[in-house]
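# Tertiary structure, described
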Amino acid sequence: EAGVAQSPRYKIIEKRQSVAFWCNPISGHATLYWYQQILGQGPKLLIQFQNNGVVDDSQLPKDRFSAERLKGVDSTLKIQPAKLEDSAVYLCASSGGTVQETQYFGPGTRLLVL
Amino acid sequence: DQQVKQNSPSLSVQEGRISILNCDYTNSMFDYFLWYKKYPAEGPTFLISISSIKDKNEDGRFTVFLNKSAKHLSLHIVPSQPGDSAVYFCAAKISNYKLTFGKGTLLTVNP
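Below or above, wherever it landed, is the structure these notes cover. (Residues numbered from 1 in each chain as written. Chains lettered and ligands numbered in written order. Predicted model: local features only at pLDDT ≥ 70, side-chain atom pairs only at ≥ 80, totals over all residues. Heavy atoms only, no water.)

### Overview of the interface of chain A and chain B
- Taken together, the contacts link 23 residues of chain A with 19 residues of chain B.
- Between chain A and chain B lies a buried interface of about 1,700 Å² when both sides are counted; carbon and sulfur atoms form 51% of it.
- Taken together, chain A and chain B are joined by zero salt bridges.
- Counting every contact that joins chain A to chain B gives two residue pairs in polar contact (both at pLDDT 80 or more).
- Across the side of chain A that touches chain B, the residue classes break down as eight nonpolar, 12 polar and three charged. (Contact = heavy atoms within 4.5 Å. Buried area = accessible area lost by both parts, 1.4 Å probe. Salt bridge = Lys/Arg side-chain N within 4 Å of Asp/Glu carboxyl O. Polar contact = N/O pair within 3.5 Å; in protein donor to acceptor, adjacent residues only side chain to side chain. Nonpolar A, V, L, I, M, F, W, Y, C, P; charged D, E, K, R; others polar.)

See below:
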């Protein structure tokens, strides 16, 4: 079974530029998550989708971050404009969606904002 | 406010000995706890979990203990192997709500 795929793996941009990350979850997984992991911290949930609807985006900085999950499969996370403090690893995870369902993580995209 | 705390940034043990990783939490509403392992340049991978109705769960060399009164859980790895060297994250959630992660503990198992 293929795991969660993410691209690109690495991205370097200058502040005020825009960037987009892509995630393809495990086939059949209804729930998709985007996390931000800053160096030295644990992952922090940015947004959770159930199929193509948003379940929780309370910690998403909506003035600069946006995410969509068209057709309830792939998802993109966009940052526009980027700030220095957005430098982090962006992790995508998916799960079957039940209460105690395990979340499976992709390898992450490492973003450096200069 | 950090609701899940891993107070030891790092731990070093000898191969074959026991590794004990600790985690404290402040929210008594958490009812499900998980441990994830993370290697460099990879995403976290699920290791073991425990429901709040239990106080112990075992899977091979890995055992998680939960002390609800102390709001404390621990992960025991016996015996420790060099391949266990990784960052270990403790995470907790309330029913179907989001996972809250600790900052992680870097475990180094020396041959």
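### Quick notes on a nonpolar patch on the surface
All names here are of chain A.
- Together, Ile 12, Leu 112 and Leu 114 give the surface a local cluster of nonpolar side chains, amounting to about 300 Å² of exposed area.
- Within the fold, Ile 12 resides in strand E2 (residues 10–13).
- Using a relative accessible area of 59% as the deciding quantity, one classes Ile 12 as exposed. (Patch = residues over 30% accessible without salt bridge, like charges linked within 9 Å, V, L, I, M, F, W, Y side chains within 5 Å. Areas by Shrake-Rupley, 256 points an atom, 1.4 Å probe, with all protein chains shown as cover. Helix = DSSP H or I, 4+ residues; strand = E, 2+ residues; numbered from the N terminus. Buried < 20%, exposed > 50% of the residue type's maximum accessible area, 1.4 Å probe, protein only.)

### Some details on the nonpolar core
- Within the largest apolar cluster, 23 residues are counted, with the highest numbers of intra-cluster contacts made by Phe 33, Trp 35, Leu 73, Leu 75 and Tyr 88 of chain B.
- Mapped onto this core, the elements with two or more residues apiece are strand E3 (19–25), strand E4 (32–38), strand E5 (45–51), strand E7 (62–67), strand E8 (72–77), strand E9 (86–93) and strand E11 (105–110) of chain B.
- No other element matches the four residues that E9 of chain B contributes to this core.
- Contact partners of Phe 33 of chain B, with chain neighbours within four places excluded, come to Tyr 25, Ile 48, Ser 49, Ile 50, Ser 52, Leu 66, Leu 73, Ala 91 and Ala 92 of chain B.
- Residues Ile 13, Val 19, Cys 23 and Phe 49 of chain A belong to the second largest nonpolar core, which totals 21 residues. (Core = buried A, V, L, I, M, F, W, Y, C linked by side-chain atoms within 4.5 Å.)

### Re the sheet that holds strand E1 (residues 4–5) of chain B
Residue and element names in this part refer to chain B.
- Sheet architecture is open: five strands sit in the order E1-E3-E8-E7-E6, paired in antiparallel fashion. Edge positions in the sheet fall to E1 and strand E6 (56–59), since each of these pairs with one other strand and no more.
- Relative to E3, E1 runs antiparallel, the two sharing two bridges. Counterpart to Val 4 in the pairing with E3 is Tyr 25. (Pairing = 2+ DSSP bridges.)

### Some details on the pattern of salt bridges
- All told, the structure shown has three salt bridges over all chains when counted by the stated rule.
- Across the salt bridge formed by Asp 57 of chain A and Lys 62 of chain A, the nearest N and O atoms sit 3.7 Å from each other.
- Arg 61 of chain B is the salt-bridge partner of Asp 84 of chain B, the closest N and O atoms lying 2.8 Å from each other. In this pair, Asp 84 of chain B is assigned in the loop between E8 and E9 and Arg 61 of chain B in the loop between E6 and E7, connecting sequence segments 23 residues apart.
- The class for Asp 84 of chain B is buried, based on a relative accessible area of 2%.

### Some remarks on the state of the cysteines
Residues and elements named next belong to chain A.
- Tallied over the entire structure, the rule returns two disulfides over all chains.
- Covalent S-S linkage joins Cys 23 and Cys 92, the inter-sulfur distance amounting to 1.9 Å. As the torsion about the S-S bond is roughly -70°, the Cys 23-Cys 92 disulfide counts as left-handed. In this pair, Cys 23 is assigned in strand E3 (residues 19–24) and Cys 92 in strand E9 (residues 88–95), connecting sequence segments 69 residues apart. In terms of burial, Cys 23 and Cys 92 fall into one category: buried. (Disulfide = S-S within 2.5 Å.)

None of the figures reported here should be taken as evidence of function without further support.
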